Amino acid sequence: MNFHQLLANAAPDRDTVVTVGVFDGVHLGHCHLLKRLVQLSKPDLVPTALTFSNHPITVIHPGTQVSYLTSSHEKTRLLKDQGVEQVISLEFTPELAQVSAENFVRTLVDRLRMRGLVLGPDAAIGRDREGDLGFLQRAGADMGFWVEPVEPLALDGTVVKSRSIREGLGRGEVATCAKLLNRNYALKGQVVEGDRRGTELGYPTANLRLDSGIILPGDGIYATWAFVDGVRYPSATSIGVRPTFGLSERLMEVHVMDFDRDIYGQPMGVEFAGKLRNQETFQSVEALVQQIDQDIADSRRVLSQNRGAHVA
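Structural notes, computed from the coordinates. Everything numeric in this text was worked out from a predicted model, so none of it was measured.

Here is what the cut-offs are and how they apply
Residues numbered from 1 in each chain as written. Predicted model: local features only at pLDDT ≥ 70, side-chain atom pairs only at ≥ 80, totals over all residues. Heavy atoms only, no water. Helix = DSSP H or I, 4+ residues; strand = E, 2+ residues; numbered from the N terminus. Buried < 20%, exposed > 50% of the residue type's maximum accessible area, 1.4 Å probe, protein only. Areas by Shrake-Rupley, 256 points an atom, 1.4 Å probe, with all protein chains shown as cover. Lys, Arg positive; Asp, Glu negative; His and termini not counted. Charge placed at Lys NZ, Arg CZ, Asp CG, Glu CD. Arc of directions from axis to C-beta. Contact = heavy atoms within 4.5 Å. Pairing = 2+ DSSP bridges. Axes fitted to C-alpha atoms, helices over the stretch in contact; angles between N-to-C directions. Core = buried A, V, L, I, M, F, W, Y, C linked by side-chain atoms within 4.5 Å. Phe/Tyr/Trp six-rings, centres within 6.5 Å; stacked < 30°, edge-to-face > 60°. Lys NZ or Arg CZ within 6 Å of the ring centre and 35° of its normal.

1. Some thoughts on the overall build of the protein chain
Regarding its fold elements, the protein chain presents 11 helices and 13 strands. Taking the principal axes of the C-alpha coordinates as reference, the protein chain spans close to 75 × 40 × 40 Å. Considering the protein chain as a whole, with its 312 residues, one finds that 48% of them fall into the buried category. Accessible area of the protein chain: about 15,300 Å², with a carbon and sulfur share of 48%. Side-chain charges in the protein chain split into 33 positive and 38 negative, and the spacing between the mean points of these groups amounts to 4 Å.

Written as structure tokens, this is what we have:
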């Protein structure tokens, strides 16, 4: 099904105000733009977000790898939490990359009844990014829609961007990234069978198998919230290769405190409240257990000051 048919299937029963973008993470910068989208939709237009399930750069520059902050499902939920009534998620394909800017906006007008377009000042749509702000304003005058550029949001002099958050997570800076997201960074996965080494040490862990393509914070030990069946539990999470045991497979292991249920095969959500330390190699199992005791105490301390949010 092509771009035009997909939008035809999403045809609303009222006129719309539209924004277009990847919106990975739905961070504070995105929320700043979406707030304006919703404001301009009142009283009788439908605030609509056309978003892409994959980043256009992976198609425009084949072989480019992008790890995402949110799944498509989670992104849709977050967009709707911001007041967006209609979310249309498309795969960015080579065919879509060849759609001209004029064809693109004409389809938005014809299929989505677009009467307004809200974008960042440097945004561009259509083949080879030919649909810049000037083009869109001229096209709007011809096709009957207005264009509202929204200045990007900056914190401490730096523009909030998804790429900056991805890079920060790679360095394990989860507390800093939480400020840019306006929420703790969260992951969801399925609990899978491990080697039960944590149980042998007296600290059983849930090994998580994560959705493909979702970014994992850098190696280290973190204070986290774990969500099981809608209930939140304090937890401590290890990401890395467990160097004390000479292992090389990168794992995410969650020790859920005050919890003793068998949850193999079940989903779990994890929110990152803060990084406790880097991974270390210990000279003995006894030294490792002593450090785990300290990690759990440190995690409780961090979590006492970080209430988190429901991700499950």
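2. Some details on helix α9 (residues 174-181)
The set of residues buried in α9 consists of Val174, Cys177, Ala178, Leu180 and Leu181. Down the axis of α9, the buried side of the element spans an arc of 160°, and every buried residue falls inside it. Tucked into the core, α9 has its buried residues touching α2 (28-41), β6 (154-155), α8 (162-170), β8 (185-192), β10 (220-228) and β13 (267-277). Remark: asparagine 182 follows α9 within two positions and exhibits a positive phi of approximately 65°.

3. Looking at the sheet that holds strand β11 (residues 231-240)
In spatial order, the strands read β8-β9-β12-β11-β10-β13; together these 6 strands close into a barrel with antiparallel pairing. Averaged over all neighbouring strand pairs, the angle between strand axes comes to 45°, with direction disregarded.

4. What to know about the pairing of strand β3 (residues 86-90)
Buried residues dominate β3, accounting for 4 of its 5 residues. With 5 bridges connecting them, strand β2 (residues 46-52) and β3 associate as parallel partners. By the bridge assignment for β3, alanine 49 is matched with valine 87.

5. Here we look at the sheet that holds strand β5 (residues 146-149)
The strand order β3-β2-β1-β4-β5 describes an open sheet built from 5 strands, whose pairing is parallel. One side of each edge strand has no neighbouring strand; the edge strands of this open sheet are β3 and β5. Between one strand axis and the next, the sheet turns through 25° on average, direction left out of account. With 4 bridges joining them, strand β4 (residues 114-119) and β5 adopt parallel strand pairing. Directly across from leucine 117, in β5, lies its bridge partner valine 147. Its contacts with the sheet place α2 against β1 (16-21), β2, β4 and β5, and it is angled at close to 165° to β1. Along the sheet, helix α7 (residues 133-143) contacts β4 and β5; its crossing angle with β5, the most-contacted strand, is approximately 155°.

6. Some words on the nonpolar core
Membership of the largest hydrophobic core comes to 31 residues, with the highest contact counts inside it found for Leu169, Tyr185, Met252, Val254, Met268 and Phe272. Breaking this core down by element, the ones donating at least two residues are α8, α9, β8, β9 (206-210), β10, β11, β12 (251-256) and β13. Excluding residues that lie within four positions of it along the chain, valine 254 makes contacts with Pro204, Thr205, Ala206, Leu208, Ala226, Ser235, Ala236, Thr237, Met268 and Val270. Counting 29 residues, the second largest nonpolar core, distinct from the first, contains Val20, Phe92, Phe104 and Leu108.

7. Points about unusual backbone geometry
Here the bond from lysine 42 into proline 43 is cis, since omega is 10°, no more than 30 degrees from zero. Tracing the sequence through the fold places proline 43 in the loop between α2 and β2. The residue arginine 113 is not glycine, and still its phi comes out positive at about 55°. Tracing the backbone through its elements, the reader meets arginine 113 in the loop between α6 (101-112) and β4. We note that aspartate 258 has phi near 55°; this positive angle belongs to a residue other than glycine. Locating aspartate 258 in the fold gives a position in the loop between β12 and β13.

8. Considering the packing of aromatic side chains
Summed over all chains, the structure comprises 4 aromatic pairs. When the ring of tyrosine 233 is compared with that of phenylalanine 259, the centres are 4.8 Å apart and the planes differ by 75°; the resulting orientation is edge-to-face. Of this pair, tyrosine 233 sits in strand β11 while phenylalanine 259 sits in the loop between β12 and β13, and the two are 26 residues apart along the sequence. Since its relative accessible area comes to 15%, tyrosine 233 is described here as buried. Under the relative-accessibility criterion, phenylalanine 259 is labelled buried at 18%. Every member of this aromatic cluster is reached through a ring pair, and the members are Tyr185, Tyr222 and Phe272. Sitting over the face of the ring of tryptophan 225, arginine 232 holds its NZ or CZ atom 4.0 Å from the ring centroid.

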